[in-house]
Amino acid sequence: MKCKVLLTLLVGVVSILLYTIIDSGTSYSYMQVSLDNRSKSIDILSKLVIEGSRNYRQKDILVTLRRMNRDAFIVIEKDLIKIDELEFIFLNGKLKNIKY
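Worth saying up front: this structure is predicted, and the values here are computed from it rather than measured.

Caption draft 1: Inspection of the nonpolar core at higher detail. Among the nonpolar cores identified, the biggest contains 11 residues, and these are Ile50, Ile61, Leu62, Leu65, Ile74, Ile81, Ile83, Phe88, Phe90, Leu95 and Ile98. Contributions of two or more residues to this core are made by α2 (58-68), β2 (80-83), β3 (86-91) and β4 (94-99). Element by element, the count of residues in this core is highest for α2, at 3 residues. When sequence neighbours within four positions are dropped, the list of residues in contact with leucine 65 reads Ile74, Ile81, Ile83 and Phe88.

Caption draft 2: Region of interest: the pattern of salt bridges. Within the structure shown, the criterion is met by 2 salt bridges. Among the ionic pairs, glutamate 51 bridges to arginine 54, the shortest N-O distance being 2.9 Å. Residue class for glutamate 51 comes out partly exposed when judged on its relative accessible area of 47%. A residue is classified by how much of its surface remains accessible, and arginine 54, at 49% relative accessible area, is partly exposed. One salt bridge in this structure joins glutamate 77 and lysine 82, with 4.0 Å as the shortest N-O distance.

The rules behind each value
- Residues numbered from 1 in each chain as written.
- Predicted model: local features only at pLDDT ≥ 70, side-chain atom pairs only at ≥ 80, totals over all residues.
- Heavy atoms only, no water.
- Core = buried A, V, L, I, M, F, W, Y, C linked by side-chain atoms within 4.5 Å.
- Buried < 20%, exposed > 50% of the residue type's maximum accessible area, 1.4 Å probe, protein only.
- Helix = DSSP H or I, 4+ residues; strand = E, 2+ residues; numbered from the N terminus.
- Contact = heavy atoms within 4.5 Å.
- Salt bridge = Lys/Arg side-chain N within 4 Å of Asp/Glu carboxyl O.

Listed below in structure tokens is the structure:
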């Protein structure tokens, strides 16, 4: 009788563990696909911003960033503006790339 109860408990515990492992793997796969899609979307937006800002100099973009993000900590270097996790990279005063 004890063996039957223990065997039933063991099967139950193993079933729960297997379900948890499979569920975690599936959730991770969906999160990875979502992250990949978001990265592609951000790349598209970055290219759009770069294309749309060809007529603006580094100073113009800095003024706009400050106006839109009054409380943000903005780091300004020679050819770089950092705000949060974004890096605006400039070449000869023109926006060339956005890294995130």
